Amino acid sequence: MKVVSVESIDLCAYIKPGDALLWPQACAEPTVLLKALQQQTQSVAGLSAFVGASFSTTLNPAEIVHIRLSSFGALGTNRRLVKAGLLDIIPCHVGLVGPYIRQNLIGCDVVLVQVSPAGADGRHSFGLTGDYVRAAIDCARVVIAEINPNVPWMFGDAGLHPDDIDVAIEVDLPLVSVPPGRVADTDRAIADHAANFIGDGSVLQAGIGATPDAILQSLNDRRDLGVHSGMVGDGLVDLIERGVVTNARKPIDTGVSVTGALIGSDRLYRFANRNPAIALRSSAYTHDAAVLASLPNLVTINSAVEVDITGQVNAEQIGDDYLGGTGGQVDYVRAGHRSDGGCSIIALPASARGGISRIVASLGGPVTTARSDVDVIITEFGAASLRGQTLAERARRMIAIAAPEAREDLARAAHGMVRRLG
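It should be emphasised that the depicted structure is a prediction, and the values quoted were computed from it without experimental measurement. (Residues numbered from 1 in each chain as written. Predicted model: local features only at pLDDT ≥ 70, side-chain atom pairs only at ≥ 80, totals over all residues. Heavy atoms only, no water.)

1. Things to note about the overall build of the chain
Counting secondary structure elements, the chain contains 13 helices and 24 strands. Taken over C-alpha atoms, the radius of gyration comes to 22 Å for the chain, in line with the 22 Å a tight globule of 422 residues would show. With respect to the principal axes defined by its C-alpha atoms, the chain has extents near 70 × 45 × 35 Å. Counting every position in the chain, which comprises 422 residues, the buried fraction comes to 57%. Excluding contacts between residues fewer than 6 apart, the proportion of contacts in the chain whose partners are at least 24 apart in sequence is 69%. Of the roughly 16,700 Å² of accessible surface on the chain, a fraction of 50% belongs to carbon and sulfur atoms. Computing the positive centroid from 35 side-chain charges and the negative centroid from 44, the chain places the two 5 Å apart. (Helix = DSSP H or I, 4+ residues; strand = E, 2+ residues; numbered from the N terminus. Rg over C-alpha atoms; globule rule 2.2 N^0.38 Å. Buried < 20%, exposed > 50% of the residue type's maximum accessible area, 1.4 Å probe, protein only. Contact = heavy atoms within 4.5 Å. Areas by Shrake-Rupley, 256 points an atom, 1.4 Å probe, with all protein chains shown as cover. Lys, Arg positive; Asp, Glu negative; His and termini not counted. Charge placed at Lys NZ, Arg CZ, Asp CG, Glu CD.)

2. Here's the deal with the sheet that holds strand β15 (residues 278–280)
Judged by pairing direction, the sheet is mixed, and its nine strands sit side by side in the order β9-β15-β14-β13-β12-β16-β21-β23-β24 without closing on themselves. The two strands at the open ends of the sheet, each matched to only one other strand, are β9 (155–156) and β24 (382–385). Where strand β13 (residues 226–229) meets strand β14 (residues 257–259), two bridges bridge the pair, whose relative direction is parallel. When the sheet's bridge partners are listed, His228 is paired in β14 with Val258. Lying on the sheet, helix α5 (residues 185–195) is in contact with β21 (343–347), β23 (376–379) and β24; it crosses β23 at an angle near 150°. (Pairing = 2+ DSSP bridges. Axes fitted to C-alpha atoms, helices over the stretch in contact; angles between N-to-C directions.)

3. Regarding the pairing of β13
The side-chain alternation of β13 yields two buried faces, one formed by Gly226 and His228 and the other by Val227 and Ser229. Bridge analysis of strand β12 (residues 203–206) against β13 gives two bridges, and the strand direction is parallel. By the bridge assignment, Leu204 is partnered in β13 with Val227. Read from β12 through helix α6 (residues 210–217) to β13, the crossover connection turns out right-handed. Taken together, β13, helix α7 (residues 235–241) and β14 constitute a β-α-β crossover, and its handedness is right-handed. (Right-handed = clockwise from strand over helix to strand, strands pointing away.)

4. Side note on unusual backbone geometry
Most of the time, phi is negative for any residue but glycine, and the peptide bond is trans. Residues other than glycine seldom take positive phi values, yet Asp131 does so here, at roughly 40°. Tracing the backbone shows Asp131 in the loop between β7 (124–125) and α4 (133–139). In the Ramachandran plot, Arg274 falls in the positive-phi region, its phi being about 55° despite a non-glycine side chain. Within the secondary structure layout, Arg274 lies in the loop between α8 (266–272) and β15.

5. Details of the side chain of Ser344
One can find Ser344 in strand β21. Owing to a relative accessible area of 1%, Ser344 belongs among the buried residues under this scheme. If we skip the residues at most four places from it in the chain, Ser344 touches Thr300, Val333, Gly336, His337, Asp375 and Val376.

6. Here we look at α5
Of the residues making up α5, those classed as buried are Asp187, Ile190, Ala191, Ala194 and Ala195. All buried residues of α5 fall inside an arc of 130° around its axis, so they share one side. When the buried face of α5 is taken as reference, the exposed residues oriented beyond 90 degrees from it are Asp185 and Asp192. Looking at the packing, one finds that the buried side of α5 touches α6, β21 and β23. (Arc of directions from axis to C-beta.)

7. Quick word on the nonpolar core
Judged by nonpolar contacts, the single largest core of 46 residues is most densely connected at Ile198, Leu262 and Ile345. Ile198 has contacts with Leu204, Ile215, Leu219, Arg222, Leu225, Val299 and Ile301, leaving out every residue within four places of it along the chain. In terms of nonpolar packing, the next biggest core, distinct from the first, is built from 29 residues, Leu11, Ile15, Leu47 and Val167 among them. (Core = buried A, V, L, I, M, F, W, Y, C linked by side-chain atoms within 4.5 Å.)

8. Examining the environment of Leu280
Secondary-structure assignment places Leu280 in strand β15. Of the residues examined, Leu280 reaches a relative accessible area of 0% and is grouped as buried.

9. Comments concerning the sheet that holds strand β11 (residues 167–170)
Spatial strand order, β1-β11-β8-β6-β2-β3-β4-β5: eight strands in an open sheet with parallel pairing. Whereas interior strands pair on both sides, the edge strands pair on one side only; in this sheet they are β1 (2–4) and β5 (87–89). Averaged over all pairs of adjacent strands, the angle between strand axes in this sheet comes to 25°, irrespective of strand direction. The sheet strands contacting helix α1 (residues 31–40) are β2 (20–22), β4 (67–71), β6 (110–115), β8 (142–147) and β11, and the helix crosses β8 at an angle near 125°.

10. Quick word on the environment of Thr211
Residue placement: Thr211 occurs in helix α6. Linking Thr211 and Gln389, residues 178 residues apart in sequence, is a C-alpha distance of 26 Å. If we ignore the near neighbours within four places in the chain, the residues touching Thr211 are Asp187, Ile190 and Ala347. Only 2.7 Å separates the side chain of Thr211 from the side chain of Asp187, close enough to count as a polar contact. (Polar contact = N/O pair within 3.5 Å; in protein donor to acceptor, adjacent residues only side chain to side chain.)

11. Examining the pattern of salt bridges
Within the structure shown, the criterion is met by 17 salt bridges. Of the charged contacts, one joins Asp138 and Arg134 as a salt bridge, the two residues approaching to 3.0 Å between their closest N and O atoms. Linking Asp138 with Arg134, this pair stays in helix α4, spanning four residues, or about one helical turn. Taking the shortest distance from any N to any O, the salt bridge between Arg222 and Asp221 comes out at 2.5 Å. A relative accessible area of 13% places Arg222 in the buried class. Salt bridges sharing partners connect three or more residues here, namely Arg102, Arg134, Asp138 and Asp164. (Salt bridge = Lys/Arg side-chain N within 4 Å of Asp/Glu carboxyl O.)

12. Overview of the packing of α5 against α6
Direction vectors running N to C along α5 and α6 enclose 50°, while the axes themselves pass 8 Å from each other. In terms of their interaxial angle, α5 and α6 are classed as oblique. Between α5 and α6 lies a crossing of right-handed hand. Between α5 and α6, the contacting residues are Asp187, Arg188, Ile190, Ala191 and Ala194 on the first element and Ala210, Thr211, Ala214 and Ile215 on the second. When its residues are assigned to classes, the contact of α5 with α6 shows six nonpolar, one polar and two charged. (Parallel < 35°, antiparallel > 145°, perpendicular 65-115°, else oblique. Left-handed = near helix turned anticlockwise from the far one by under 90°. Nonpolar A, V, L, I, M, F, W, Y, C, P; charged D, E, K, R; others polar.)

Okay, structure coming up:
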């Protein structure tokens, strides 16, 4: 590993015309290297990059125009890039990004990565995101690292030996952070309904945001909860400190919360640093069907842009506006639905801004999760359990949890649907 100063790093010495680039997603973005990438490679032709999700504003639409960008969704600040016409969408489950890299369906010549200083075992930790980074490093020609002492050193399989790094810079800068969402009354109402499906010993998967935060906050009287999730936020710290999450009843990874990413604040990052009770794993493990199938009482909690009255879920797009992505939703919905004693929850407010119903007669975008996989839909007005129900009964239950002002129109649409099917 060659270490150079931030001022002297010359990315054009390592990046060639036509190269495909990749860097960790979410809060693990190597922001110093990304700023240098935009400024130094303007004259390098034919570059492309896979960017995952983003929660920073490091990528400047005015400076990144020379690099063709792709992602599995418009998550976080990637929406700016979509609106600017700079981001192509690859419909893809998060768990398949690693295999796609290994199959060269997602190119990866150069990896830019942010890591912790080396630990006692000599390896650096990816710290904030495991995901598909290891697969990318295994396939890359060049690995360029940003070593930051603020990156937590994590237990798990997400690490990097110095011999795997071609060139590195040392920085000491704050990490990208995502503060907890502001929980509103609607979120609390959804959480009250969701809590009825989460008992002692449940193993949780949840995303980030106000609604998942509200659900976690409603579980303070539970015992021996476990965590196996693609991502965790600051809410995990509260539940571990209060003795709610112990992972004591998990048949695998007993005593350990497993995650593919830390998406939160410095509080979460400090808590996770060298903490054997949290393991950072790659998506090859966090999203693996066989691993998930071994978890009884698995309760998965995901969100949606809209859900139709038969249970089809759109978590991606409305009209021309790409708002989300496939992510790991389908993997976890299926796993929760099939888990012995578990369930799968799709939680969303009944209405969007402007009073537009998010329970709809027909989707305004793609089907992210099929109705045959969907289990429980929850809004602030209640929970609709769709498991094993006919289309007519599904429609009745979905209308009951829609906003009151939308129910009459939905009932008319449902009547027409049932008549056609009959």
